Amino acid sequence: MLDPQLLRDNLAAVAQKLADRGYQLDVAAWQKLEQQRKALQVETESLQSQRTKISKTIGQAKAKGEEVQPLLDQVSEIGEQLESSKTALQQVFADMEQVTLYTPNLAQDDVPVGQDEADNVEIRTWGEIPKFDFAVKDHVDLGAMSGFLDAEAAAQIAGSRFTVLSQDLARLQRALTQFMLDTHINSHGYHEYYVPYLVNDQAMLGSGQLPKFADDAFITEDGRFLIPTAEVPLTNLVANSILEVEDLPIKMTAHTPCFRREAGSYGKDTKGMIRQHQFDKVEMVQVVHPDQSDQALEEMTGHAENILKALKLPYRVIVLCTGDMGFSASKTYDIEVWVPAQNTYREISSCSNCMDFQARRMQARFRTPETKKPQLLHTLNGSGLAVGRTLLAVMENYQNADGGIRVPEVLQPYMGGKKVINQVSSL
RNA sequence: GGAGAGAUGGCAGAGCGGUUGAAUGCACUGGUCUUGAAAACCAGCGUACGUUAAUAGCGUACCCAGGGUUCGAAUCCCUGUCUCUCCGCCA
């Protein structure tokens with residue numbers, strides 16, 4: 001949610017920034033609502049003030065045993081006016097809320113202006129793109145050779161966009177997860193969390209998934225949502241709270257499955273593990289002092305990169321242009337890993353600074369030592385990393401000519417010392 | 001799932017439907033006293049919104065949430081959420 005004060009004072013500038021990211025704010029309609037709000041609020045509050053005053057004199061008059069009927073007549077007239085004024089005001093507030101809840105965050109000034117992913121800007125690359133002296137296979141074929149990755153079995157029990165992993169590949173995915181968590185805990189200063197995989201609508205609203213993107217999430221019969229990312233439960237841990245400045249920064253990590261409808265992505269990435277309804281992710285969330293969020297974004301992006309560096313997977317970092325950023329983000333770095341079979345980089349992490357956008361929705365604040373007043377925090381989130389996509393990147397980048405997959409050195413301790421996953425099926 | 005109890009300011013804890021934004025204690029902040037500290041005493045101490053040049057005044061709202069009754073609700077009624085206790089079930 002944007003700062004209402006900003007909308008009031010700098011409407012034209014806000015509308016321009018929103019237009020940069022492809023969102024058209026109806027300026028005239030908003031101005032009209034704002035005018036109505038002002039008139040109705042002043043009227044309502046003054047009527048309320050009058051009513052309270054008279055009601056108090058009624059109490060006093062009664063106590064003295066005086067006649068109160070004239071006062072009752074007077075107040076009932078005010079009551080009627082108040083009722084209609086109040087109703088009208090509530091409607092205006094509701095209309096305004098509809099606008100603000102559906103309006104995305106403003107991009108930071110250094111975010112490149114652009115329409116879509118074609119306008120994203122590469123910041124840096126890391127690692128050598130591997131050269132193979134044989135025809136590379138994609139992870140689906142590699143998985144099929146071993147029998148440890150089975151899309152058909154998954155389709156039978158769940159449908160498309162699900163995967164069944166078994167034996168060494170299931171273990172390799174677990175190894176990746178453990179390695180990521182351990183790195184964030186031991187080297188990057190995060191605390192590990194275990195969180196609910198189902199959340200209520202309030203949490204989804206707080207982090208910005210609702211109301212606009214309700215179709216992207218799975219909803220349960222009792223009105224809860226399967227988390228599309230651990231960002232939702234983790235970030236909402238600070239909802240409706242006033243923290244002390246000593247508590248900052250808060251750095252949280254959690255491994256959870258993520259559930260996404262992938263509505264509107266028909267025909268995209270239908271093969272393999274790139275785009276699934278269910279995938280595992282290790283998430284990083286930071287809650288920081290507003291002065292620190294820019295720096296925190298750089299650090300958090302580095303934390304995600306460190307995982308790829310340790311796995312020796314080539315990647316590049318891009319900054320998303322205004323048109324390609326997510327709803328709640330003010331600036332986003334995507335990390336893309338090299339996928340040999342596609343001969344391109346694919347997104348494996350997305351790190352965003354949401355500034356006070358989520359904090360305002362969640363009422364997440366801290367007490368400033370200077371003024372002792374509550375002030376909105378800044379929130380950031382980043383994947384560190386998407387486990388399923390990391391698994392397929394390892395499979396493809398570490399493949400041998402015979403279909404075997406070398407286990408990255410840092411994962412070997414998590415694999416019982418195993419160095420190669422062979423294609424021998426024993427299912 | 002069944003039965004009961006509860007939800008008030010940072011914490012604890014009062015509160016007959018009427019000058020209650022809310023007693024009292026603790027904590028916290030400032031001051032007096034003191035060589036210093038403690039103690040004691042004095043004062044202050046919620047949040048949001050509106051109005052405004054204003055972080056000054058003034059106004060409004062907020063005692064879990066949402067409705068309702070009333071001239072007037074922290075106080076009465078309804079619904080929901082959550083917590084606790086007991087029973088049942090259970091990884």
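Residues numbered from 1 in each chain as written. Chains lettered and ligands numbered in written order. Predicted model: local features only at pLDDT ≥ 70, side-chain atom pairs only at ≥ 80, totals over all residues. Heavy atoms only, no water.

Turning next to the overall build of chain A. Tallying secondary structure elements over chain A gives 12 helices and 17 strands in all. Its C-alpha atoms give chain A principal-axis dimensions of about 100 × 45 × 40 Å. Within chain A, the proportion of its 427 residues that are buried is 49%. Look at the contacts in chain A between residues 6 or more apart in sequence, and 73% of them connect residues 24 or more apart. Counting only carbon and sulfur atoms, one obtains 49% of the accessible surface of chain A, whose full area is about 20600 Å². In chain A, 42 side chains carry a positive charge and 57 a negative one; their mean positions are 2 Å apart. (Helix = DSSP H or I, 4+ residues; strand = E, 2+ residues; numbered from the N terminus. Buried < 20%, exposed > 50% of the residue type's maximum accessible area, 1.4 Å probe, protein only. Contact = heavy atoms within 4.5 Å. Areas by Shrake-Rupley, 256 points an atom, 1.4 Å probe, with all protein chains shown as cover. Lys, Arg positive; Asp, Glu negative; His and termini not counted. Charge placed at Lys NZ, Arg CZ, Asp CG, Glu CD.)

Below, the discussion takes up the packing of helix 3 (residues 27-63) against helix 4 (residues 69-102). Between helix 3 and helix 4, the shortest axis-to-axis distance is 8 Å and the interhelical angle comes to 150°. Our classification of the angle between helix 3 and helix 4 gives roughly antiparallel. For the pair helix 3 and helix 4, the crossing hand works out as left-handed. (Axes fitted to C-alpha atoms, helices over the stretch in contact; angles between N-to-C directions. Parallel < 35°, antiparallel > 145°, perpendicular 65-115°, else oblique. Left-handed = near helix turned anticlockwise from the far one by under 90°.)

A few words on the protein's contact with RNA strand B. Close to RNA strand B lie 19 residues; R8, R37, Q41, E45 and S55 are nearest. Near the protein, within 4 Å, the atoms of RNA strand B are sugar or phosphate in 64% of cases. The separation between a sugar or linking oxygen of RNA strand B and a polar side-chain atom of Q41 is 3.0 Å. Listing elements by their share of the surface near RNA strand B, those giving two or more residues are helix 3, helix 4 and strand 13 (364-367). If you tally residues by element for the surface near RNA strand B, the top one is helix 3, at 12 residues. When grouped by side-chain class, the residues that make up the surface near RNA strand B number 4 nonpolar, 6 polar and 9 charged. (Near = heavy atom within 4 Å. Polar contact = N/O pair within 3.5 Å; in protein donor to acceptor, adjacent residues only side chain to side chain. Nonpolar A, V, L, I, M, F, W, Y, C, P; charged D, E, K, R; others polar.)

A few words now on the side chain of E283. Relative to the helices and strands, E283 resides in strand 9 (residues 278-288). For E283, the residues in contact, after removing those within four places along its chain, are T229, A230, E231, L234, M252, T253, A254, N381, G382, S383 and G384.

Another point: the domain arrangement of chain A. Per the domain assignment, the segments making up chain A are domain 1 (4-101) and domain 2 (117-421). For domain 1 and domain 2, the distance between their C-alpha centroids amounts to 44 Å. Domain 1 puts 6 residues into the contact, and the matching count from domain 2 is 11 residues. For the pair domain 1 and domain 2, the summed buried surface comes to about 610 Å²; carbon and sulfur atoms form 50% of the total. At the boundary of domain 1 and domain 2, one finds 0 salt bridges. The tally of links between domain 1 and domain 2 comes to 5 residue pairs in polar contact (both at pLDDT 80 or more). Residues that form the side of domain 1 that touches domain 2 fall into these classes: 3 nonpolar, 1 polar and 2 charged. (Domains from an automatic or database assignment. Buried area = accessible area lost by both parts, 1.4 Å probe. Salt bridge = Lys/Arg side-chain N within 4 Å of Asp/Glu carboxyl O.)

Moving on, we come to the confidence of the model for chain A. Mean pLDDT for chain A: 91, with 99% of residues reaching 70 or above. The complex prediction reports pTM at 0.92, with the ipTM value standing at 0.82. (pLDDT = per-residue confidence, 0-100.)

Okay, the sheet that holds strand 14 (residues 374-376) next. Strands sit in the order 7-13-14 across an open sheet of 3 strands; the sheet is mixed. With partners counted over all chains shown, the strands left at the sheet margins are strand 7 (241-244) and strand 14, one partner each. With strand direction ignored, the average angle separating the axes of adjacent strands in the sheet is 40°. Relative to strand 14, strand 13 is paired through 3 bridges, and the arrangement is antiparallel. From the neighbouring strand, R365 faces strand 14, where its bridge partner is L376. (Pairing = 2+ DSSP bridges.)

Attention shifts here to the pairing of strand 8 (residues 250-259). The element strand 8 is largely enclosed, with a buried count of 9 among its 10 residues. Both strand 4 (residues 191-193) and strand 8 contribute to a ladder of 3 bridges, which runs parallel. Bridging across to strand 8, H191 finds its partner in M252.

Among soluble globular proteins, nonpolar side chains are generally buried collectively. Core analysis: the largest hydrophobic core is formed by 48 residues, its most contacted members being L169, L172, L176, L308, L313, L391 and I421. Counting residues per element, the ones that place at least two in this core are helix 7 (167-186), strand 9, helix 10 (293-311), strand 10 (315-319), strand 11 (331-339), strand 12 (344-355), strand 15 (378-386) and helix 12 (387-397). With residues up to four places along the chain from it excluded, the contact list for L313 reads W126, L308, V337, T390, A393, V394, N397 and Y398. (Core = buried A, V, L, I, M, F, W, Y, C linked by side-chain atoms within 4.5 Å.)

By the secondary structure assignment, R37 is in helix 3. A residue is classified by how much of its surface remains accessible, and R37, at 13% relative accessible area, is buried. If near-sequence neighbours (up to four positions away) are discounted, R37 is found in contact with R8, L89, V92, F93 and M96.

Attention now moves to the environment of C321. By the element assignment, C321 lies in the loop between strand 10 and strand 11. Classification of C321 as buried rests on a relative accessible area of 0%. Separated by 214 residues in the primary sequence, C321 and A107 have C-alpha atoms spaced 8.8 Å apart. Once residues within four sequence positions are removed from consideration, C321 is found in contact with V111, P112, V113, G114, Q115, D116, D119 and N120.

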